[in-house]
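# Survey of secondary and tertiary structure
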Amino acid sequence: MGKNMWAICMAAVLSVFFGTTIGEAAENEPTHYIGLHDRLLDFKDVRVIDNDMKVPLSEITKVLYIPVEQEKGVTYLRKRGIVISYDESTKLSSKDGVELNWSPIVDVNGTLYISAKYIARETGFKVEYIQKLQTLRIYRDDYEHMSHADYEKQVKQLLDKKQQVKPPVKPTKPSTKSATTVYLTFDDGPNKFTTINNATLKKYNVQGTFFFLGKHMKNNEKIVKTVAGDGHYIGTHSMTHDKDQVYKSTKSFIDEMNEGAKLINKMTGNDAKLIRVPYGSKPHVTPAMKKQLNQNDYKMWDWDVDSNDWKYTDKEADKIVKNVRDGVDKANKSGDHNIIVLLHDRSQTSKALPEIIEWLQKEGYTIKTYEPEHHIIQNFLSDITL
């Protein structure tokens, strides 16, 4: 009996030092992470097997664009003139027909896992391990990327954000609303309701963030200048808001963003590097579009709380208030202390806005406009570069 207890204790200790063993199931939340260039990949199942970070072969080959073929019980990976294979009958891995004396590829309950470091290096990438964040970064020097120091900061910010939104297992006390910042954001202006919303914000001595459409800015330059002059941040929401036009191609997408940002700069003298894309980033924004956003130094916000204000009439403004109250409280209780609320420059929103602000202030929330120097990562793509 004593020997059995000793064995159990030793197994527990080894699992702490050497991570997930082949027979173990993956945790719901990853403890190790894989990055590619300036992104943090959304791999839910990263395992440490034999002191080596391994991921599902089918997932990493997709992001590294490695063709995978299967023939007579052998899985082949072919890239850059190299052939890596795994024989399911012998459980052995080979490179260019020569068996390897270790196992970069392993079978875990019927799923093949491969060493992320190995497959990256063999296909022309470099790797950098950020130990304190347990993150393996894969990159190439011929592909533009940020420095390791900057990347580490961005990964830490994203992981901190993810940690914040996890509900505490055993909360010892209610979350403190005074420590939570709410960002009221308004889409689709400028128009006459922008003027009303701006006046309401001024009345309550708070600031918001406006995402303007280029086609409306052209006819409402005075409103744009007034909103900027009152200290609110203005970002672009595209020129047309036409889904077919905006997402027609990578070029049309970035042209819409660039043209809107140039208009804002021309009218206000301010840079407009924060954008909100029409209908939200997912699933519309492609990897090629993200690359263009990065190259043009844009950041992108979606939202935490959707007021759904567009659904209601003026007489139903109380429903908008309720949506915001419920959404903000739910986000705050979950541990999110930077909450972005989606609103629009519409009549019904103007009716609801005073009550929304009064409730937020009464509850002790802090209301702010977007601050470029303190960028909050919030996009549906979970992209730490945006």
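Structure: see above.
Quick notes on the rules
Residues numbered from 1 in each chain as written. Predicted model: local features only at pLDDT ≥ 70, side-chain atom pairs only at ≥ 80, totals over all residues. Heavy atoms only, no water. Pairing = 2+ DSSP bridges. Helix = DSSP H or I, 4+ residues; strand = E, 2+ residues; numbered from the N terminus. Axes fitted to C-alpha atoms, helices over the stretch in contact; angles between N-to-C directions. Phe/Tyr/Trp six-rings, centres within 6.5 Å; stacked < 30°, edge-to-face > 60°. Buried < 20%, exposed > 50% of the residue type's maximum accessible area, 1.4 Å probe, protein only. Contact = heavy atoms within 4.5 Å.

### With respect to the pairing of strand S12 (residues 126–130)
Relative to strand S13 (residues 135–139), S12 is paired through five bridges, and the arrangement is antiparallel. Bridge pairing in S13 places Tyr129 opposite Leu136. Hairpin connection of S12 to S13: four residues between the antiparallel strands, including Gln134 at a positive phi of 50°.

### Some thoughts on the sheet that holds strand S3 (residues 47–49)
Within the open sheet, the four strands sit side by side as S3-S4-S11-S10. Their pairing is antiparallel. At either margin of the open sheet sits one strand with a lone partner, and together these are S3 and strand S10 (105–108). On average, each strand axis in the sheet is tilted by 40° relative to the strand beside it, whichever way the strands run. Alignment of S3 against strand S4 (residues 52–56), held across three bridges, turns out to be antiparallel.

### Details of the packing of aromatic side chains
Enumeration over the complete set of coordinates arrives at nine aromatic pairs. Relative to Phe210, the ring of Phe186 lies with its centre 4.9 Å away and its plane at 20°, an arrangement referred to as stacked. Residue Phe186 is found in strand S14 (residues 181–189), and its partner Phe210 is found in strand S15 (residues 209–212); the two are separated by 24 residues along the sequence. Each member of the pair, Phe186 as well as Phe210, carries the same accessibility label: buried. Judged by centre distance (5.0 Å) and plane angle (80°), the rings of Trp301 and Tyr370 are edge-to-face. Note that Trp301 is positioned in the loop between strand S18 (299–300) and strand S19 (305–306) and Tyr370 in the segment after strand S21 (366–367), a separation of 69 residues in sequence. Taken as a pair, Trp301 and Tyr370 share a single burial class, namely buried. A connected cluster of aromatic rings, assembled from ring pairs, spans Tyr183, Tyr233, Trp301 and Tyr370.

### Concerning the side chain of Gln154
Locating Gln154 in the fold gives a position in helix H4 (residues 148–164). What makes Gln154 buried here is its relative accessible area of 14%. Not counting chain neighbours up to four residues away, the residues in contact with Gln154 comprise Met146, Lys299, Ile377, Ile384 and Thr385.

### Here we look at the environment of Pro278
With respect to the helices, strands and loops of the structure, Pro278 is situated in the loop between strand S17 (274–275) and helix H10 (287–295). Sequence separation between Pro278 and Asp188 is 90 residues, and the spatial gap between their C-alpha atoms is 9.3 Å. Aside from chain neighbours lying at most four places away, what touches Pro278 is His237, Ser238, His241, Val246, Tyr247, Met257 and His284.

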